[in-house]
Amino acid sequence: MSATLLLARHGQTVWHAENRYAGVSDVALTDTGRAQAEALGRWAAVHPVDAIWTSPLSRAIATAEPACRALGLTPHREAGLRECDFGVVEGRTLAEFEAEDPQAAQAFRADPVAHPFPGAEDPRAAAARGTDALRRIAAAHPDERVLVVAHNTLLRLVLCSLLHIPVGEYRRVLPRLRNAAVSEIRVTEYGAALLSLNIPCE
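Residues numbered from 1 in each chain as written. Predicted model: local features only at pLDDT ≥ 70, side-chain atom pairs only at ≥ 80, totals over all residues. Heavy atoms only, no water.

A. Highlighting the overall build of the protein chain. Secondary structure summary: the protein chain contains 8 helices and 6 strands in total. Along the chain direction, N to C, the helices and strands of the protein chain fall in the order β-α-α-β-α-β-α-α-α-β-α-α-β-β. Relative to the compact-globule value of 17 Å for 202 residues, the protein chain shows a C-alpha radius of gyration of 16 Å, a close match. C-alpha extents for the protein chain along the principal axes are approximately 50 × 40 × 25 Å. Here the protein chain holds 202 residues, and the buried ones make up 51% of them. In the protein chain, 70% of the contacts between residues at least 6 apart in sequence involve partners at least 24 apart. When the accessible surface of the protein chain is summed, it comes to about 9,000 Å², and 52% of that surface belongs to carbon and sulfur atoms. (Helix = DSSP H or I, 4+ residues; strand = E, 2+ residues; numbered from the N terminus. Rg over C-alpha atoms; globule rule 2.2 N^0.38 Å. Buried < 20%, exposed > 50% of the residue type's maximum accessible area, 1.4 Å probe, protein only. Contact = heavy atoms within 4.5 Å. Areas by Shrake-Rupley, 256 points an atom, 1.4 Å probe, with all protein chains shown as cover.)

B. Structural detail: the packing of aromatic side chains. Applying the stated criterion across every chain yields a total of 4 aromatic pairs. Between F108 and F117 the ring centres are 4.0 Å apart and the planes differ by 25°, which places this aromatic pair in the stacked class. In this structure, F108 and F117 share a single accessibility class: buried. Taken together, the aromatic side chains of Y21, F86, F97, F108 and F117 make up a single cluster linked through ring pairs. (Phe/Tyr/Trp six-rings, centres within 6.5 Å; stacked < 30°, edge-to-face > 60°.)

C. Geometry of the nonpolar core. Counting residues in hydrophobic clusters, the biggest one holds 38 residues, and the most contacted among them are L5, L7, L81, F117, L134, L157 and I185. Sorting the residues of this core by element identifies β1 (2–9), β2 (51–54), α4 (94–100), α5 (102–110), α6 (123–140), β4 (145–150), α7 (152–162) and β5 (182–188) as the ones contributing at least two each. Counting residues per element, this core draws most heavily on α7, which supplies 7 residues. When sequence neighbours within four positions are dropped, the list of residues in contact with L81 reads T54, S55, R129, A133, L134, I137, V148, A150, H151 and L154. Core analysis: the next-biggest nonpolar cluster, separate from the first, contains 17 residues, L40, W43, A60 and V149 among them. (Core = buried A, V, L, I, M, F, W, Y, C linked by side-chain atoms within 4.5 Å.)

D. Layout of empty space enclosed by the protein. Applying the stated criterion across every chain yields a total of 1 cavity of 30 Å³ or more. Its volume calculated, the largest cavity comes out at about 80 Å³. Lining the largest cavity are 13 residues, and of these F86, P116, E121, P123 and Y170 lie nearest its centre. When its residues are assigned to classes, the lining of the largest cavity shows 10 nonpolar, 1 polar and 2 charged. (1 Å grid on protein atoms, 1.4 Å probe; cavity = no way out; pocket = protein on both sides within 12 Å on 5 of 7 lines; lining within 4 Å. Points joined across faces, edges and corners; volume = space filled by probe spheres on them. Nonpolar A, V, L, I, M, F, W, Y, C, P; charged D, E, K, R; others polar.)

Have a look at this one:
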């Protein structure tokens, strides 16, 4: 079994434009985010894509829509691809949280997995569910290329998990995935290989 997964972060949202954590909150795309989604659609139209999977959050679904339209594909939704719940920091910036609780913010910066935000989902659990979701998708599409539209933190955690990088290093090793850029991995029964990272679609 071998599948190529084309991982894309959704387009820019109102909160992300201000560097606010969106997490499981359903936040709409900005005009810039919609333009990024259209660029991803144009990219998909000229690159082989056999199937499209998305997070159930509307920003991911909207980002995948131009690619679905261009290719005539119906997207599959996977609950395991939803973004992490960031607890008390949902809708806020890290700087705002740091002003309120500098010790907790410092602990998060040092190791975001050992010290997640108060009330947040355990990042290890998020990494596990996301990794399981990608493995299920790969198994369902042997020898195919699949566009997967999901989220910045979830995808970074999953990439670390698949590539045997300590998940606590995800913020340092993978500072961010660009909106609507594509990172390509190959998943086999023996493991995963990173083929490209953050390739812009413009």
